[in-house]
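Each chain is listed here by its residues.
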Amino acid sequence: MVLGCVIHGQGDLRIEELPEPEPAPGQALVAIRYGGICGSDLHYHRHGGVGDFRLQEPMVLGHEVVGTVVAYGEGATGPAVGTPVAVHPATPCGVCPECSDGRANVCRDTRYLGSAARTPHVQGGFASQIAVPAVQLRALPEGLEPRRAALAEPLAVALHAVRRAGAVKGRHVLVTGAGPIGCLTIAAARAAGAATITATDLLPRALEFAAAAGATACVRADDPDDPNWPSDEMDVAIEASGVAAGLDTCLRRVRRGGVVVQLGMLPPGQSPFAGNLLVAREIELRGALRFHAEFDDALRLLAAEPSFDALISGVRSAREAVEAFGQAADRSQSCKVLLDFAN
């Protein structure tokens, strides 16, 4: 029996039996062990869509998944059957101008697990077995357990955002928003050699996770007079909250000539921001979308840093997915919540 987490509409998440997948030519069959609940999964559940991408049909959620190779379809090769693997969730087209320019993360025709960006939707990885292109499999580095490896996809997002910021070694980095992506961005900045990392959030528990990830100063986002604000200006600011107020903080706190990276997905439509500061301070504003080669870097970093385990705040059986989604949505208590498809 294949068990899957299927979203049918706003607030309508169901645990269903699915047809057993058969790997097509070029595909691999993977038995999923863990799946990380992402902010986009929560958006599909709570709002019926993410940004401009609305649900048009039932869709298996999930794109942060790890498991074990079960079999291969005709002509497919990859890690040996039985090997623990992480699944890279993107299948870029390989022929568009962006792919040809080495920027497959912004491919105009990519397929991404658990995404309603196209119709028919791309079914996701929250199922006990899935069939995916074999080229998307990555064998886990020696010593990396599947539980921690489930952080590879969001950590790759964070690594890409830090690289979009440029050189951060020895610099002061501000990260606004200490949710799972924000905390992993803090860890990525620390790994890149940032000297000081300031994190902001509205919730005390979120700031505790930020400190565990490596933040050197933690500040209440709603208190401009918080004494934890460092006296020096930030060289780089990465906005990970996805709200206009976070972007405003970044623009006002970063130094003249500094860099701001917008990582959090802002609400659809127009978002007001202090654009005059871009001119007056010659600030560079850059976007960061997903990742590409950083996925492999994320796996290596996870293998080397057991401290990432502190960001996993809960693991629940996939049969309890509705409750797990509620737990993941409660940022006053949770950071990253995983679904366990083996229990």
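Residues numbered from 1 in each chain as written. Predicted model: local features only at pLDDT ≥ 70, side-chain atom pairs only at ≥ 80, totals over all residues. Heavy atoms only, no water.

(A) A look at unusual backbone geometry. The residue after threonine 119, namely proline 120, is reached through a cis peptide bond having omega 0°. Tracing the sequence through the fold places proline 120 in the loop between strand S10 (111-112) and strand S11 (129-133). A positive phi angle, close to 50°, is found at glutamate 282, a residue other than glycine. Position of glutamate 282 among the secondary structure elements: in the loop between helix H8 (276-280) and strand S18 (284-287). In the Ramachandran plot, arginine 290 falls in the positive-phi region, its phi being about 50° despite a non-glycine side chain. (Helix = DSSP H or I, 4+ residues; strand = E, 2+ residues; numbered from the N terminus.)

(B) Structural view of the packing of helix H1 (residues 39-47) against helix H10 (residues 321-329). Relative to each other, H1 and H10 sit at 110°, their axes nearing to 11 Å. Taken together, the axis directions place H1 and H10 in an arrangement best described as roughly perpendicular. Of the two possible hands of crossing, H1 and H10 adopt the one that is left-handed. Touching Asp41, Leu42, His45 and Arg46 of H1 are Phe325, Ala328 and Ala329, all from H10. Of the residues belonging to the contact of H1 with H10, the class tally is 4 nonpolar, 1 polar and 2 charged. (Axes fitted to C-alpha atoms, helices over the stretch in contact; angles between N-to-C directions. Parallel < 35°, antiparallel > 145°, perpendicular 65-115°, else oblique. Left-handed = near helix turned anticlockwise from the far one by under 90°. Contact = heavy atoms within 4.5 Å. Nonpolar A, V, L, I, M, F, W, Y, C, P; charged D, E, K, R; others polar.)

(C) Here's a closer look at the packing of aromatic side chains. Under the defined criterion, the tally for this structure stands at 2 aromatic pairs. Both rings, one in phenylalanine 126 and one in phenylalanine 341, keep their centres 6.1 Å apart while their planes meet at 40°; by these two values the pair is tilted. Taken together, the positions of phenylalanine 126 in the loop between S10 and S11 and phenylalanine 341 in the segment after strand S20 (336-340) put the pair 215 residues apart, joining distant regions of the chain. As far as burial versus exposure is concerned, phenylalanine 126 and phenylalanine 341 are alike and both buried. Geometrically, the ring pair formed by phenylalanine 291 and phenylalanine 295 is stacked, given 5.8 Å between the ring centres and 20° between the ring planes. We note arginine 253 situated over the ring of tryptophan 229; from NZ or CZ to the ring centre the distance is 3.6 Å. Between arginine 290 and the ring centre of tyrosine 112, over which it is positioned, the NZ or CZ distance is 3.8 Å. (Phe/Tyr/Trp six-rings, centres within 6.5 Å; stacked < 30°, edge-to-face > 60°. Buried < 20%, exposed > 50% of the residue type's maximum accessible area, 1.4 Å probe, protein only. Lys NZ or Arg CZ within 6 Å of the ring centre and 35° of its normal.)

(D) Highlighting the sheet that holds strand S6 (residues 59-60). Judged by pairing direction, the sheet is antiparallel, and its 3 strands sit side by side in the order S2-S1-S6 without closing on themselves. With one partner strand each, in any of the chains shown, strand S2 (12-18) and S6 form the two edges of the open sheet. Two elements, strand S1 (residues 2-9) and S6, share 2 bridges in a ladder whose sense is antiparallel. Following the sheet pairing, isoleucine 7 is matched in S6 by methionine 59. Seen against the sheet, H1 touches S1, S2 and S6 and runs at an angle of roughly 55° to S1. (Pairing = 2+ DSSP bridges.)

(E) Main features of the sheet that holds strand S16 (residues 234-239). Spatially, 6 strands are ordered S15-S14-S13-S16-S17-S18 in an open sheet, and the strand pairing comes out parallel. Strands at the two margins of the open sheet, each flanked by one partner only, are strand S15 (217-220) and S18. Neighbour-to-neighbour, the strand axes of the sheet open up by a mean angle of 20°, direction not taken into account. Alignment of strand S13 (residues 172-176) against strand S14 (residues 196-201), held across 5 bridges, turns out to be parallel. Counted as the bridge partner of valine 175 is alanine 199 from S14. Of the strands in this sheet, S13, S16, strand S17 (254-262) and S18 touch helix H7 (residues 244-253), which is tilted by about 155° from S17.

(F) Focus on the packing of helix H5 (residues 180-191) against helix H6 (residues 204-213). Relative to each other, H5 and H6 sit at 20°, their axes nearing to 8 Å. Relative to H6, H5 is oriented roughly parallel. Once H5 is placed against H6, the crossing between them reads as right-handed. Contacts between H5 and H6 involve Cys183, Ile186, Ala187 and Arg190 from the former and Ala206, Phe209, Ala210, Ala212 and Ala213 from the latter. Of the residues in the contact of H5 with H6, the class split is 8 nonpolar, no polar and 1 charged.

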